[in-house]
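Chain and residue survey
One letter stands for each residue in the lines below.
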Amino acid sequence: MSFEESERLETVPPSGIRRYFELAEEQDDIISLGVGEPDFAPPWAARDAAISSLERGQTSYTPNRGLRELREEITAHVADSYDLDYDADEEVLVTAGASEAVDLAFRAFHDPGDAVAVAQPSYLSYVPAARLAGADVVEVPTRREDEFKLTREVLEASGAADADTLVLCYPNNPTGATMTRKELEPIAEFVREHDLRVFSDEIYAALSYEHDHTSIATLPGMRERTVVFNGFSKAYAMTGLRLGYALAPPEAIESMNRIHQYTMLSAPTTAQHAAIEALRNCGDDVAEMRAQYDRRRNFVLSRFEEMGIDCFPASGAFYVFPECPWDDSEAFAEALIEEQGVAVVPGGVFGAGGEGHLRVTYATGLGDLKEALARIEEFID
Ligand code: PMP
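All of these numbers come straight from a predicted model, not from anything done at the bench. (Residues numbered from 1 in each chain as written. Predicted model: local features only at pLDDT ≥ 70, side-chain atom pairs only at ≥ 80, totals over all residues. Heavy atoms only, no water.)

Some thoughts on the overall build of the protein
Along the protein, the regular secondary structure elements total 13 helices and 12 strands. Expected size for 381 residues packed as a compact globule is a radius of gyration near 21 Å; at 20 Å, the protein falls within 12% of this value. Dimensions of the protein, computed from C-alpha atoms along their principal axes, come out at roughly 60 × 55 × 50 Å. A total of 381 residues make up the protein; the buried ones form 56% of that total. Excluding contacts between residues fewer than 6 apart, the proportion of contacts in the protein whose partners are at least 24 apart in sequence is 75%. Surface exposure of the protein reaches about 16000 Å², of which carbon and sulfur atoms provide 45%. Averaging the positions of the 32 positive and the 69 negative side-chain charges in the protein gives two centres separated by 5 Å. (Helix = DSSP H or I, 4+ residues; strand = E, 2+ residues; numbered from the N terminus. Rg over C-alpha atoms; globule rule 2.2 N^0.38 Å. Buried < 20%, exposed > 50% of the residue type's maximum accessible area, 1.4 Å probe, protein only. Contact = heavy atoms within 4.5 Å. Areas by Shrake-Rupley, 256 points an atom, 1.4 Å probe, with all protein chains shown as cover. Lys, Arg positive; Asp, Glu negative; His and termini not counted. Charge placed at Lys NZ, Arg CZ, Asp CG, Glu CD.)

Laid out in structure tokens, this is it:
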């Protein structure tokens, strides 16, 4: 007997981001601009709904796909906000965070040797999820000169045409890039031409500051080949409640649910009650949080500009992605924690195209942001 890791697991390195949180935890007086987590608490109405569901003893499993009432709220919300038309019975799966939905999709649709093209820099879970599903990863590096938007040219140059799946995340973690409908059109055209499926992680859809969010699933011929991921962690500041969802054609949801019903049974019940209330009555809270993020975004961008650091005007999520003043962004991030007590994440951990940059999160109060940027300025000087 041994606990020798499976060959698949050996292809998955420990998270490159954890190390910076651990370094930060070892020190006093740290300001963390590292973690991608809202500093707000969930809206009170959503918390109250969770509490009162507990008081009523509503703690059983729910249907595998999630409470019907929640699925109806989700489909009404995405129709209203993003023009996405999905059926509450057949085309929605409520999951334990968007993370679970991502994992299910990778496992449901890939065989060993399949190829997954990932637009990078990207959120850290796609590559491990692809590898654990046995798929090979094709890196598609987006570029600073394109403001980290995906282009047809980059897709063609990276070999994505031969992939089975293309993974997109706009608004993007870690760059803060967004894509307009017009910019998505050539991507959708490429996808149709090469008969790819798309996994579109839209968890930051509610945090698009310069234009309305467009889901690639709303472009012609895309709905039938796309799985959309979304959730409650970012827009509603509900990270620890672990609630997300997938939207896709019936046969895709059916397949993902076949894994989900064995591995999860159902998403957290208390969180589902909170989410129903969040969708029904918390639109104003989301708008208020968005306004605050937007103020902070403008502040952080203007401070980097004052420091003479190149930082493209991020237009979504709660990250900016400035150029690192040193060649080695890992060394910079470590020294910044040790000498100034400010945690940021070196861009290289987010894959191709990320090296030479830093991910700076502005899901932190303005007071701390001001202090952290003053310390960064002092450090650079
Ligand atoms: N996708 C992206 C792009 C994220 O940034 C995150 C959280 N950092 C997730 C998915 C995971 O979200 P959840 O909490 O819903 O699992």
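Considering the pattern of salt bridges
Following the criterion strictly, the structure yields 24 salt bridges and no others. For Arg280, the salt bridge is made with Glu73, and the minimal N-O distance between the two is 2.8 Å. You can see Arg280 sitting in helix α10 (residues 269-281) and its partner Glu73 sitting in helix α4 (residues 68-82), a full 207 residues away along the chain. By relative accessible area, Glu73 is classed as buried at 18%. Between Arg152 and Glu156 there is a salt bridge, with its nearest N and O atoms 2.8 Å apart. Here the residue Arg152 and the residue Glu156 both occupy positions in helix α7 (residues 152-158), the gap between them amounting to 4 residues, near one helical turn. What makes Glu156 partly exposed here is its relative accessible area of 46%. (Salt bridge = Lys/Arg side-chain N within 4 Å of Asp/Glu carboxyl O.)

A closer look at the packing of helix α2 (residues 18-25) against helix α12 (residues 329-340)
Working note: a packed helix pair is described by the angle between its axes plus the distance between those axes. Two elements in contact, α2 and α12, have axes whose closest approach is 9 Å; the angle formed by their N-to-C orientations is 20 degrees. In terms of orientation, α2 and α12 fall into the roughly parallel class. Seen along the crossing, α2 lies across α12 with a hand that is right-handed. Residue-level contacts link Arg19, Tyr20, Leu23 and Ala24 of α2 to Glu330, Ala333, Glu334, Ile337 and Glu338 of α12. (Axes fitted to C-alpha atoms, helices over the stretch in contact; angles between N-to-C directions. Parallel < 35°, antiparallel > 145°, perpendicular 65-115°, else oblique. Left-handed = near helix turned anticlockwise from the far one by under 90°.)

Here we look at the site of the ligand
The environment of the ligand is made up of 13 residues, and the closest members are Ala98, Ser99, Asp201, Ser233 and Lys234. Within the side chain of Ser99, one N or O atom sits 2.5 Å away from an oxygen atom of the ligand. In this structure, an oxygen atom belonging to the ligand sits 2.7 Å away from a side-chain N or O atom of Tyr204. Taking 400 Å² as the accessible area of the ligand by itself, protein coverage stands at 93%. By residue number, the principal contributor to the shell around the ligand is helix α5 (residues 97-109), which donates 3 residues. (Near = heavy atom within 4 Å. Polar contact = N/O pair within 3.5 Å; in protein donor to acceptor, adjacent residues only side chain to side chain.)

Quick word on the domain arrangement of the protein
How big an interface is tends to be expressed through the accessible area that disappears when the partners come together. Here the domain parsing of the protein yields domain 1 (7-42 + 284-380) and domain 2 (44-281). In this structure, domain 1 and domain 2 have C-alpha centres spaced 24 Å apart. Summed over both partners, the interface of domain 1 with domain 2 buries about 3400 Å², with 60% contributed by carbon and sulfur atoms. Contact with domain 2 buries surface across domain 1, with Pro42, Phe312 and Ser315 losing the most and accounting together for 21% of the total. At the boundary of domain 1 and domain 2, one finds 2 salt bridges. Between Arg297 and Glu210 there is a salt bridge, with its nearest N and O atoms 2.9 Å apart. At the boundary of domain 1 with domain 2, the tally comes to 19 residue pairs in polar contact (both at pLDDT 80 or more). Of all the secondary-structure elements, those providing two or more residues to the side of domain 1 that touches domain 2 are α1 (7-10), α11 (283-307) and β9 (319-320). Of the residues forming the side of domain 1 that touches domain 2, the biggest block, 7 residues, is contributed by α11. Among the residues forming the side of domain 1 that touches domain 2, the class breakdown is 22 nonpolar, 9 polar and 8 charged. (Domains from an automatic or database assignment. Buried area = accessible area lost by both parts, 1.4 Å probe. Nonpolar A, V, L, I, M, F, W, Y, C, P; charged D, E, K, R; others polar.)

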